[in-house]
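# Topology and contacts: notes
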Amino acid sequence: MNHIIALIKKDLLLEIRQQYTFYGILLYIASTIFVLYLAMNQPEEKVWNGLFWMIQLFICVNAVAKSFLQESQGRMLYFYTIAGARDFILSKLLFNAGLMIIMSLVSLLLFQLLMGNPLQNPIRFIGFVCLGGCSLSLVFTFLAAIAARARQGAALMAIMGFPLIIPQVLLLMKMSNTAFADIIQVGLWQIVLLLVALDVLVIALAVILFPFLWKD
């Protein structure tokens, strides 16, 4: 656990020192939402929901892709000797999940400011945004680890990621539709539990498979 906390602190310090990457993602979020506002103004509820989750998908790709690509071969060897593969991948999963939750909440705020606020139950939607941001980041972090070890960069991550992420995005859109009305959709909690189960599966696969990738 101490190794995981130390590695998370290392990533946090790097983000603080290299602020251009963080602010670059924020600029990407703001400019994308502003362009949507100019094109569509204030769309209807279903379009608003669909656009929001599509934006989260591309934000996640931009935010997570650099997490492994910025690590040099010598630095990876150093981390392998002091921490180990499992601690390293768990620290990346946790850090990227936290970063993506922050980005998702910022994009939600900008969406509400520029494209209207059709939400009937904002607290429920915020919860779904945090869960969805965490789910997207877990999948793309795992894929970024595979792409980095294959030395293929962000292109391989995008090619592998989008077919895998489509079921999660569909679940998130269906789940978040309930925040636009006061009614409770039948089977809502089954969808939430299914999404949580997928997150646990991704974490388990990362912990099991990443040590073999690192040894190669």
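As the structure is a computational prediction, the values presented were derived from the model and not from experiment.

Another point: the overall build of the chain. When its secondary structure is counted, the chain shows eight helices and zero strands. Along its sequence from the N terminus, the chain presents helices and strands in the succession α-α-α-α-α-α-α-α. Buried positions account for 47% of the 216 residues belonging to the chain. Here the contacts in the chain between residues at least 6 apart in sequence split such that 83% fall between residues at least 24 apart. A total of about 10900 Å² of accessible surface is found on the chain, and carbon and sulfur atoms cover 71% of it.

Let's shift gears to the packing of aromatic side chains. Tallied over the entire structure, the rule returns 10 aromatic pairs. An angle of 90 degrees between the planes, with centres 5.2 Å apart, marks the rings of Trp48 and Phe111 as edge-to-face. With Trp48 in helix 3 (residues 45-69) and Phe111 in helix 5 (residues 85-114), this pair connects stretches of sequence that are 63 residues apart. Residue Trp48 is classed as buried on the basis of its relative accessible area, which comes to 0%. Chaining the aromatic ring pairs together yields one cluster made of Trp48, Phe52, Trp53, Phe111, Phe125 and Phe180.

What follows covers the side chain of Ser176. As for its position among the elements, Ser176 is in helix 7 (residues 153-176). Judged by its relative accessible area of 0%, Ser176 is buried. A polar contact of 2.7 Å, which involves the side chain of Ser176, links it to the backbone oxygen of Leu172. Each residue touching Ser176, except ones within four places of it in the same chain, is listed here: Asn49, Trp53, Phe125 and Phe128.

Before going further, it helps to spend a moment on the UniProt feature "transmembrane region" (unreviewed entry) in the chain. Here, the residues flagged by UniProt with the feature "transmembrane region" (unreviewed entry) are residues 20-39, 51-69, 89-113, 125-147, 154-175 and 187-214. Spanning residues 125-147, this segment combines 100% helix with 0% strand, and its end C-alpha atoms are found 32 Å apart. Between the first and last C-alpha atoms of residues 187-214 the distance is 40 Å; the span itself is 96% helix and 0% strand.

What follows covers the side chain of Ser91. In this fold, Ser91 is placed in helix 5. Reaching out from Ser91, the side chain makes a polar contact with the backbone oxygen of Phe88 at a distance of 2.6 Å. If we ignore the near neighbours within four places in the chain, the residues touching Ser91 are Ile4, Leu7 and Ile8.

Confidence in the prediction for the chain averages 82 pLDDT; 88% of positions are at 70 or higher. Model confidence for the chain, summarised as mean pLDDT per element, is weakest for helix 4 (residues 73-82) at 69 and strongest for helix 5 at 88.

Turning next to the nonpolar core. Core analysis: the biggest nonpolar cluster contains 58 residues, and Trp48, Phe111, Phe125, Phe140 and Met175 have the highest contact counts within it. Among the elements of the structure, helix 2 (19-40), helix 3, helix 5, helix 6 (122-149), helix 7 and helix 8 (188-215) are those that each provide at least two residues to this core. Looking at this core element by element, the count peaks at 13 residues for helix 6. Excluding anything up to four places from it in sequence, Phe140 contacts Leu57, Cys60, Val61, Val64, Met157, Gly161 and Ile165.

Topologically, Val106 is positioned in helix 5. Owing to a relative accessible area of 28%, Val106 belongs among the partly exposed residues under this scheme. Val106 sits 80 residues away from Leu26 along the chain, and the two C-alpha atoms are 8.3 Å apart.

So, how was this worked out
- Counting from 1, residues in each chain are numbered in the order their sequence is written.
- It should be noted that, the model being predicted, local features are given only for residues of pLDDT at least 70 and side-chain atom pairs only at 80 or more, the latter also being counted only at that level, while totals for whole chains, interfaces and linings use all residues.
- Side-chain numbers come from the whole structure's heavy atoms, not from hydrogens or water.
- Runs of H or I in DSSP of at least four residues are treated as helices and runs of E of at least two as strands, each being numbered from the N terminus.
- Accessible area is worked out with a 1.4 Å probe on protein chains only. A residue is then buried under 20% of its type maximum, exposed over 50%, and partly exposed in between.
- The criterion used for residue contact is that any of the two residues' heavy atoms lie within 4.5 Å.
- Shrake-Rupley sampling with a 1.4 Å probe provides the accessible areas, and residues are treated as covered by the protein chains on show and by no other component.
- Note on aromatic pairs: the rings of Phe, Tyr and Trp (six-membered ring only in Trp) are paired at centre separations within 6.5 Å, and the planes decide the class, stacked below 30 degrees, edge-to-face beyond 60, tilted for the rest.
- Nitrogen and oxygen atoms within 3.5 Å of one another constitute a polar contact, given that in protein one can donate a hydrogen and the other can accept it, and given that sequence-neighbouring residues count only through two side-chain atoms.
- UniProt positions are given in the numbering used here, feature names are shortened, and annotations may be inferred rather than shown by experiment.
- Residue-level confidence of the predictor is summarised by pLDDT, bounded by 0 at the bottom and 100 at the top.
- In this description, a nonpolar core means a group of buried Ala, Val, Leu, Ile, Met, Phe, Trp, Tyr and Cys residues linked to one another through side-chain atoms lying within 4.5 Å.

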